[in-house]
Every structure is written in structure tokens, then in C-alpha cells.
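What the coordinates show
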Amino acid sequence: MQTNKKTIITKDQILPIAREKRAAGVQLIMIHGWEDDDGTPVITYDYSNGPEVDSYEVRGERVIPSIESVYDLAAQWAEREIAELMDMTFEGLDTSKRLFMPDNLLEGEGQILVTPLSELRSANVDNRADGKK
């Protein structure tokens, strides 16, 4: 069974940890990005460690270094996706072209606004023209 070990780090630790992991032959599994309910940005780096996943979490930073120079395309695609979907900047990462969103969508930031489920439900289910719920 796979387990997960989470470590909170600063943005200054991102590159040294990536270099250390790469030198040891450790695989980068994924980079995740999201915002907490209060708007705090969170980025996690997941590395394979046998039956364990080592997760390194950076909180509250909008500008962090890219690890593309360390993990090549494995990092580039995940970082580009996060930068396209969130208000995040990965220093050193080329984001001049979008991965999947049109170039004219939300000029400059590439941020998607998410509507809370309660609002979608209210607009699309609770207020149906036929009165049914």
C-alpha cells in the first residue's frame, strides 16, 4: 500500500530538493496547484519513494522557481498547466503559448473563475421553469 509523507517547505527549498531528488534518481510524480478557501495558493511536488510518496508543499507564494531545468518536460507541463489555470508564476518557465486555453481567454493571467456548486445548483436545478427540483 502506498503512503504519503508531507513536508511544508519554503520557495527557496524547491530547487535544492528537486536537484537532490533528481541526482538520487527519484521520479517526479506530479506537481499540483490549488487555492485554499481563503485564497491561499498551494503548490505540492510529489516524488516517488518506493511505496511512499514524498510531498513537498509550498503555501502562500504566487511566484516560485520552475524546476523545468531539473525535471525537463515532467515539470514543464505541470507547471504550465498550473500557471494557465491559476494566478501563479514559475520563474524561468516559458508560458508564451498556452497548453489548452485559447490565447484570448482571460488575457494575461489565464485564471479560471470557479462557480461554487451551490450557485450552479440554484441557477440550474432549484429554479427550473417547470418548478421541479
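Think of each chain on its own: its residues are numbered from 1, step by step along the sequence as written. Only residues with pLDDT of at least 70 get local features here, since the model is predicted, and only at 80 or more are side-chain atom pairs given and counted; chain-wide, interface and lining totals rely on the full set of residues. Side-chain metrics rest on all non-hydrogen atoms present in the structure, leaving aside hydrogens and water.

**What to know about the environment of E79**
Each helix corresponds to a stretch of at least 4 residues labelled H or I by DSSP, and each strand to a stretch of at least 2 residues labelled E; elements are numbered beginning at the N terminus. In this structure, E79 sits in helix α2 (residues 68-85). For the pair E79 and I31, spaced 48 residues apart in sequence, the C-alpha separation works out to 7.1 Å. In this description, contact between two residues means that some pair of their heavy atoms is separated by no more than 4.5 Å. Every residue in contact with E79, bar those within four places of it in the chain, is listed here: I31, P65, S66, I67, E68, F90 and L93.

**Notes on the nonpolar core**
By nonpolar core we mean a set of buried residues, namely Ala, Val, Leu, Ile, Met, Phe, Trp, Tyr and Cys, connected to one another through side-chain atoms within 4.5 Å. Exposure classes here rest on a 1.4 Å probe applied to the protein chains alone. A residue is buried below 20% of its type maximum, exposed above 50%, and partly exposed in between. Ranked by size, the top nonpolar core spans 25 residues in total, and within it I31, Y45, Y47, I67, Y71 and F90 carry the most contacts. Among the elements that make up this core, the one with the highest residue count is α2 (six residues).

**Things to note about the packing of aromatic side chains**
Any two rings among Phe, Tyr and Trp, with Trp reduced to its six-membered ring, count as a pair given centres within 6.5 Å; such a pair is stacked if its planes are under 30 degrees apart, edge-to-face if over 60, and tilted if neither. With the rule as written, the count across this model stands at two aromatic pairs. For the ring pair Y47 and Y56, a centre distance of 5.9 Å and an interplane angle of 70° mean the geometry is edge-to-face. Neither residue differs from the other here; Y47 and Y56 are each classed as buried. The exposure class of Y47 is buried, given its relative accessible area of 1%. Ring pairing ties together the aromatic residues Y47, Y56 and Y71, which thus form one cluster.

**Some details on unusual backbone geometry**
Positive phi, close to 50°, is recorded for D72, a residue that is not glycine. Note that D72 resides in helix α2.

**Here we look at the sheet that holds strand β4 (residues 52-59)**
Two strands are said to pair when DSSP picks up at least two bridges between them. Strand order in the open sheet formed by four strands is β1-β4-β3-β2, and the pairing between neighbours is mixed. Of all the strands in the sheet, just β1 (3-8) and β2 (28-35) have a single pairing partner and so form its edges. The mean angle between the axes of side-by-side strands here comes to 20°, regardless of whether they run parallel or antiparallel. Both β1 and β4 contribute to a ladder of six bridges, which runs parallel. Bridging across to β4, I8 finds its partner in E57. Orientation is described by lines fitted to C-alpha atoms, with helices fitted over the stretch in contact, and by angles between N-to-C directions that extend from 0 to 180 degrees. Contacts between α2 and the sheet are confined to β2 and β3 (41-49), with β2 contributing the most and set at about 15° to the helix.

**Thoughts on α2**
In this model, α2 (18 residues) spans only 18 Å end to end at C-alpha, well below the 26 Å of a helix rising 1.5 Å per residue. Where α2 bends most, the angle comes to about 80°, and this point is A74. Within α2 the residues assigned to the buried category are V70, Y71, A75, Q76, A78, E79, R80, I82, A83 and E84. Contacts from the buried residues of α2 go to α1 (14-23), β2, β3, β5 (63-65) and β6 (89-91). A helix's residues, less one, multiplied by 1.5 Å, set its expected span. Axes are fitted to the seven residues ending at a residue and to the seven starting at it; the angle between these axes is taken as the bend at that residue.

Read these as layout, nothing more, since geometry by itself doesn't imply function.
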